[in-house]
Amino acid sequence: MNELESRVAIDQIMFRGAAICGCPLPQTELFATYIAEEIKKYILDFGYGELTLDEIVLAFRINVGGRIKNSLGEDLICVDFYGHAINVSFIGKILSNYLVIRKSLDTRILNLLDGY
């Protein structure tokens, strides 16, 4: 993914995330640029680089759904928005919950394929 495609994807994460969760967008282009750069670094540096844009948007949608359960049936805590604009901490917590769900589903599928 080149730099322009990457920025468009990060902008979509910010806009779609804000639309789904009802959080404000950055008020200036400079602030939006900094947030976009930090979101990109976070996704790439903290193990979320394999997620597609669709999965990241799905993570926001799942978070709005109320109760989220992990593979053991325990409730995961939905992430409430806090701050003045969409931010890395908010997105990171949503993605963390999503990966718990995704890894659980991946394990279930692998077990079914292996006959367990």
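Right, let's talk about the side chain of serine 6 for a bit. By the secondary structure assignment, serine 6 is in helix α1 (residues 3–21). Side-chain polar atoms of serine 6 contact the side chain of lysine 40, separated by 3.5 Å. Ignoring anything within four residues of it in the chain, the contact list for serine 6 reads Met1 and Lys40.

On the surface, Leu30, Phe31 and Tyr34 cluster together into a nonpolar patch covering about 340 Å² of accessible area. In this fold, leucine 30 is placed in helix α2 (residues 29–45).

Contact pair α1 / helix α3 (residues 53–64): the axes reach a minimum separation of 10 Å and the direction vectors enclose 15°. Our classification of the angle between α1 and α3 gives roughly parallel. The handedness of the crossing between α1 and α3 is right-handed. Contact residues: Ala9, Gln12, Ile13, Arg16, Gly17, Ile20 and Cys21 in α1; Leu53, Ile56, Val57, Phe60, Arg61 and Val64 in α3.

Moving on: α2. Between its first and last C-alpha atoms α2 spans 24 Å; for 17 residues at 1.5 Å apiece the expected length is 24 Å, and the two agree. Taken together, the buried positions of α2 are Ala32, Ile35, Ala36, Ile39 and Ile43. One face of α2 carries all of its buried residues, which in axial projection span an arc of 105°. Exposed and oriented more than 90 degrees from the buried face of α2 are Leu30, Leu44 and Asp45. On its buried face, α2 sits against α1, α3 and α4 (88–113). Directly after α2, the chain includes glycine 47, whose backbone phi takes a positive value near 85°.

A word on the packing of α1 against α2. Closest axis-to-axis distance for the α1/α2 pair is 10 Å, and the angle between their directions is 100°. With respect to α2, the element α1 is oriented roughly perpendicular. Together, Glu3, Ser6, Arg7, Ile10, Ile13 and Met14 of α1 and Glu29, Ala32, Thr33, Ile35, Ala36, Ile39, Lys40 and Ile43 of α2 make up the contact between the two elements. Of the residues belonging to the contact of α1 with α2, the class tally is eight nonpolar, two polar and four charged.

About the cut-offs
Residues numbered from 1 in each chain as written. Predicted model: local features only at pLDDT ≥ 70, side-chain atom pairs only at ≥ 80, totals over all residues. Heavy atoms only, no water. Helix = DSSP H or I, 4+ residues; strand = E, 2+ residues; numbered from the N terminus. Polar contact = N/O pair within 3.5 Å; in protein donor to acceptor, adjacent residues only side chain to side chain. Contact = heavy atoms within 4.5 Å. Patch = residues over 30% accessible without salt bridge, like charges linked within 9 Å, V, L, I, M, F, W, Y side chains within 5 Å. Areas by Shrake-Rupley, 256 points an atom, 1.4 Å probe, with all protein chains shown as cover. Salt bridge = Lys/Arg side-chain N within 4 Å of Asp/Glu carboxyl O. Axes fitted to C-alpha atoms, helices over the stretch in contact; angles between N-to-C directions. Parallel < 35°, antiparallel > 145°, perpendicular 65-115°, else oblique. Left-handed = near helix turned anticlockwise from the far one by under 90°. Expected span 1.5 Å × (residues − 1). Buried < 20%, exposed > 50% of the residue type's maximum accessible area, 1.4 Å probe, protein only. Arc of directions from axis to C-beta. Nonpolar A, V, L, I, M, F, W, Y, C, P; charged D, E, K, R; others polar.

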